[in-house]
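Here is what each chain is made of, one letter per residue.
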Amino acid sequence: MSLAAPTMTAGRTGPSSGTRIGIGFVLLLPALLALAWSYLLPTVQAVWRSTQRDQLLGPAEGVGAANYEQLFTRGFLGDLGSALLLALVPLLLALLVAPVLALLADRAGRPARLALRALVVLPVAGYAPVALLIGWRVDRMEPGTMLDRPLATLVEFTAVTGAGLVVAVATTAFLSTLCGRPHRRDALPAALTVAGLLVLAIIAATLQTFTPTLITGNSRTPLTYVVLQSLQQMNLGGGSAAAVLLLLPLALLGLAATALLLLTRVRIEVVDKAVTHGEQPHGAVSKSGPVTESAPATESTGNRQARIGLAVAGAIVVAVMLWVAWPWLRRSLRFTNETVPMPSPDLSGMLTATWLPTLLSAVVTVAVAAAAGFAIGGLRPLGRFSELLLLPFAPWLFVGTGPLAIESYLRARDFDQLNSFLGLVPPGWVSIPALFLFTVLFRGLEPRWRAGAGFGRAMLAPAAPMIVLVGLVTWLVTAGQVLWPTLVASTPTLRPAPLEALMVYARWGMASDELALGAVLPLPMMLIFLVAFGWLQVKYLDRLAVRVGR
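Described in the following lines is the structure provided in the data block. (Residues numbered from 1 in each chain as written. Predicted model: local features only at pLDDT ≥ 70, side-chain atom pairs only at ≥ 80, totals over all residues. Heavy atoms only, no water.)

1. Brief notes about the packing of helix 18 (residues 455-479) against helix 21 (residues 523-539)
Right, so step 1: Between helix 18 and helix 21, whose axes approach to 11 Å, the crossing angle comes to 150°. It follows that helix 18 is roughly antiparallel to helix 21 by the angle criterion. Viewed along their axes, helix 18 and helix 21 form a crossing whose handedness is left-handed. Judged by residue contacts, Pro-465, Leu-469, Leu-472, Val-473, Trp-475 and Leu-476 of helix 18 engage Met-525, Phe-529, Ala-532, Phe-533 and Leu-536 from helix 21. (Axes fitted to C-alpha atoms, helices over the stretch in contact; angles between N-to-C directions. Helix = DSSP H or I, 4+ residues; strand = E, 2+ residues; numbered from the N terminus. Parallel < 35°, antiparallel > 145°, perpendicular 65-115°, else oblique. Left-handed = near helix turned anticlockwise from the far one by under 90°. Contact = heavy atoms within 4.5 Å.)

Dropping the structure here:
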């Protein structure tokens, strides 16, 4: 029995139409203001600056399309194409490995499914790209490799950074398409929709690759070119033109994902604990008729084979994850900065700079996104056309900090926030991916509220764990990034741990076997994330079902 979409026998018992419209737009307003301030205005400024010759100091001079002509001559479009190669390994993992794991787990039964959910928590709770990359570079690569095959090395580094996270997210999503299905073939439309969204998101993420390029020194990636041209070459016009050319495909990918969501009517429902994944009691009636006496034996054989297959696949996944992470893990229990030239940050200051500004950002961005998602998907102020309110956000759905980082940096400079606590807070004030996710979730929960269930039971209780989950993931991922701290934290005592680890590596490189990476993601923090994500996977996400259509 579904808790999200019961048969309606009466009219709406929630707020009246006027109340829904009024409250809906009030809750949506902070997200619209954040969209204008954090995304729309910087985009307009980047477009204007791309037509200027601006050397950061002194007056700017209009040059028309000259900056774009220089980019085309240099081959920037080729760099965009090369960046797509970085998506190959993550796409293979998302479209081949994750669906197979999900199918095996669903067929193997509930204990095996929960075991897989617990397994995919590991790479999420241990998401520390800088630590992974430095450890991999020091222990797994021979000197000169990056010079001999720069693009292949960048593909390798990108895979190392995101493989675990991609498998975890994709497997969880595909499991949700199978949740509560009496026949697995019924999950195909939802699975295809999830696959399409994953493809678009992975391509967008790899186009914005930055951290691996700092380790490899390969500057032939779009985002690296934006930063280097703007701040190292003192060519804001050329960097802004590159940012605009990067924003264009990202906007198209965001619009495509939004169109897919609207056309398929994706929603997330919560199913009752009694609903199993494709398991029917003996003698039950299915669409094809009564279950015969031989069905249990046949299903038992299939379940046994699925358990064996899942055990083998799980062992391979664990072995690969440990092999990739071991160079970091063996250094993760110690931290020293004795070899770092003074001044250097102490451990407490470094951890404060890493986790507190990003915590503030996560709380604000996710809260604003949750309010807007409830306004669109829960209150539905425009009725069945409410999801069209996502369209203003669509062009920036997949836009991270990078493409607009220079405009955000200039704003922080103008507000005198460089080398300060507020300056370390990432510039976006609404998480647009979270807004879309909450809209899809509240869209699936709304029918039960409309049918007469109380707001707390129908909306708040099922959504609260998702808000916590998205907040924790946002916090963890944001704390592991280095682009924004690189721009705003030039004072050594204000550097977050990932940036400081990169600085130590840049100074000492391969010779520093004592390079300690434990401060990047301290063990206590990792354990907190591990417990939280594990509980949410087993107790909450296992009851979420992705549905499409009416």
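Moving on, there is more to tell.
2. A short note on helix 2 (residues 66-74)
Right, so step 1: Residues of helix 2 that are buried: Asn-67, Tyr-68 and Leu-71. Buried residues in helix 2, looked at end-on, bunch into an arc of 100°, giving them a common side. Exposed residues pointing more than 90 degrees away from the buried face of helix 2 are listed as Glu-69 and Thr-73.
Right, so step 2: Elements that come into contact with the buried residues of helix 2 comprise helix 1 (17-49), strand 1 (52-53), helix 3 (76-85), helix 11 (222-232) and helix 12 (236-264).
Right, so step 3: Residue Gly-75 follows helix 2 closely and has a positive phi angle near 95°. (Buried < 20%, exposed > 50% of the residue type's maximum accessible area, 1.4 Å probe, protein only. Arc of directions from axis to C-beta.)

3. Here we look at the layout of surface pockets
Right, so step 1: Looking at the largest pocket, its volume works out to about 730 Å³.
Right, so step 2: Pro-123, Gly-164, Val-320, Met-321 and Leu-322 are the residues nearest the centre of the largest pocket, which is lined by 32 residues in total.
Right, so step 3: Looking at the lining of the largest pocket, the elements that each hand over two or more residues are helix 4 (88-108), helix 5 (110-125), helix 8 (150-178), helix 13 (295-329) and helix 21.
Right, so step 4: Examining the composition of the lining of the largest pocket, we find that 9 residues originate from one element, helix 13, more than from any other. (1 Å grid on protein atoms, 1.4 Å probe; cavity = no way out; pocket = protein on both sides within 12 Å on 5 of 7 lines; lining within 4 Å. Points joined across faces, edges and corners; volume = space filled by probe spheres on them.)

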